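An overview of the molecular structure
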Amino acid sequence: MKQRLPIHLIATFTALLTTTAVAIPLYPTLMALADQIRTYGVDGRDGRDGRDGRSGQDGRSQSVRANGAPVRVEAIGELGQDGEDGDRGDRPSCPAQPEDVRYDLQAPDGGDGGAGGDGGQGGQGGDVTIYYTDSAQLRQVLVNAMGGLPGRGGRGGVGADGCRCDDRRWRVQVCRDGTCTEESYDCRDGDPGDYGRDGRDGAAGGVGQVWLVNQANPLSADQPTLTQPLEFFLRQPVSLSKHQWETRRGAGALLATGSTEDDTYNQYLGRLEAEAQIVWQAERSSTTFLALSPTITLMDTGNLQLDFHDNYWIDGRTEQSGNLTTYTVDYIVRADEVTNFAWGNQTGRGDDFAVTVIDLGQESAFVNTQFELVYRTTDDDPRSNRRVRYEEQYSGPLPADVVIQDQNRFVLNLGQLPISDRYFRRGTNAQVELRIGRSLGPNAATITLDWEGQL
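**Notes on the nonpolar core**
Formed by 24 residues in total, the largest nonpolar core has its most connected members in Leu 373, Tyr 375, Leu 398, Leu 414 and Leu 434. Secondary structure elements with two or more residues in this core: β18 (354–359), β19 (368–378), β22 (409–412), β23 (429–440) and β24 (443–454). If one sorts the elements of this core by residue count, β23 sits on top with four residues. Apart from residues lying up to four places away in sequence, Leu 373 is in contact with Tyr 394, Ser 395, Gly 396, Leu 398, Leu 414, Leu 417, Val 432, Glu 433 and Leu 434. Counting residues in each nonpolar core, the second largest holds 21 residues, with Leu 226, Val 238, Trp 280 and Leu 298 among its members.

As structure tokens, then:
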């Protein structure tokens, strides 16, 4: 509900703000002014919002056969329903105005009108598949796949009138110590409630499309994508199939005059068929990964695409023999184990200085590993309050001859890098940033290990 200060109260507040001769505490004064106006009665409640209209159902998709006789196909989308109107705001409770009170009064406000409900969307026109053996037969097929009309938005409710004051101004005589003065007070009428927002109209449904098949027999079901447990693909080849369509324009010129459909239609071109199988040649047993469920998809090009879950890194090879595509799995690792690295120990000084990193996921026998190093040192004392300035001594990939791999343990002989021996002395303050690149087939990831301290 709207709350406004009476005109004479606003004037008083302005005078208080602009007075400079007398210091007046602002916050207590504002509180005192707020106490000078009081409401009576009860404001009206806002009206209920109207419900949205239900969207129309889509037209029923269907198939027909053109044989030269007139055929009429109705695939119209259903109308959207209108939104409900919002209810009127409730009238306030308007009791008798208190008389001769020593404060201003505010009469109750009227309730706002409820918002109108939005109109429902029109249903989409249904798709129509037409089988034919002679294109001239299509001229006997009348298709009505018009989308449903939209529902209209409901109107917003009317706001209720506010209460009116019985007496808008009065005076009260106040006597103190034998001196009498008159005080003036006001009553403000209640504000009327606002009109509710009108609901939005829905959108008309789109027209349906026509699918043309130049053959007498209905299309059999196809299976362009298949997701199954790994064991299913290892046991025997699986068959996939996919119907091919070409999008063309000019549907209206092919069908009976008066047809209503999307001018873009789909012409059947034929059926792709293929077989697929997975062969397991990875070092780890396939029984460890039986929970894996690959997905094989037959593409429009006729090629097969094999997708494994992102939780695994897999590398292999694809072979084609006639209609059969074989995917051989050579390596497989768990993705969350590939990046699980930790620092080991430091050994040696000068040319013999080396650090160790450990593959905690124990996948290094199956993935490629490369290292990049950024090495910085400082002569400043990191324990001081002053800013510490580090100087870069090396930045770039580590040559293969400074890396020694012992199963899942890597020894990095940093002392063999073109860095002065004095930067590897005991007590040197250093920063080490080691980026570890891991890859297997099309999969790759980078891990960064940071270290800062005293050698």
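**Quick word on the sheet that holds β23**
Overall, antiparallel pairing links the four strands, which are arranged β20-β19-β23-β24 in an open sheet. If you trace the sheet from one side to the other, it starts and ends with β20 (391–397) and β24, each paired once. Neighbour-to-neighbour, the strand axes of this sheet turn through a mean angle of 10°, independent of strand direction. Two elements, β19 and β20, share six bridges in a ladder whose sense is antiparallel. Residue pairing for β20: Tyr 375 is matched across the bridge by Tyr 394.

**Structural notes on the pairing of β22**
In this structure, β18 lies alongside β22, joined through four bridges in antiparallel fashion. The residue of β22 that forms the bridge with Val 355 is Leu 412. Of the pairings in the sheet, the one linking strand β21 (residues 403–406) to β22 comprises four bridges and is antiparallel in character. Its bridge partner being in β22, Asp 406 is matched across the sheet by Arg 409. Two successive antiparallel strands, β21 and β22, enclose a turn made up of two residues, where Gln 407 displays a positive phi of approximately 55°.

Calculation criteria
Residues numbered from 1 in each chain as written. Predicted model: local features only at pLDDT ≥ 70, side-chain atom pairs only at ≥ 80, totals over all residues. Heavy atoms only, no water. Core = buried A, V, L, I, M, F, W, Y, C linked by side-chain atoms within 4.5 Å. Buried < 20%, exposed > 50% of the residue type's maximum accessible area, 1.4 Å probe, protein only. Helix = DSSP H or I, 4+ residues; strand = E, 2+ residues; numbered from the N terminus. Contact = heavy atoms within 4.5 Å. Pairing = 2+ DSSP bridges. Axes fitted to C-alpha atoms, helices over the stretch in contact; angles between N-to-C directions.

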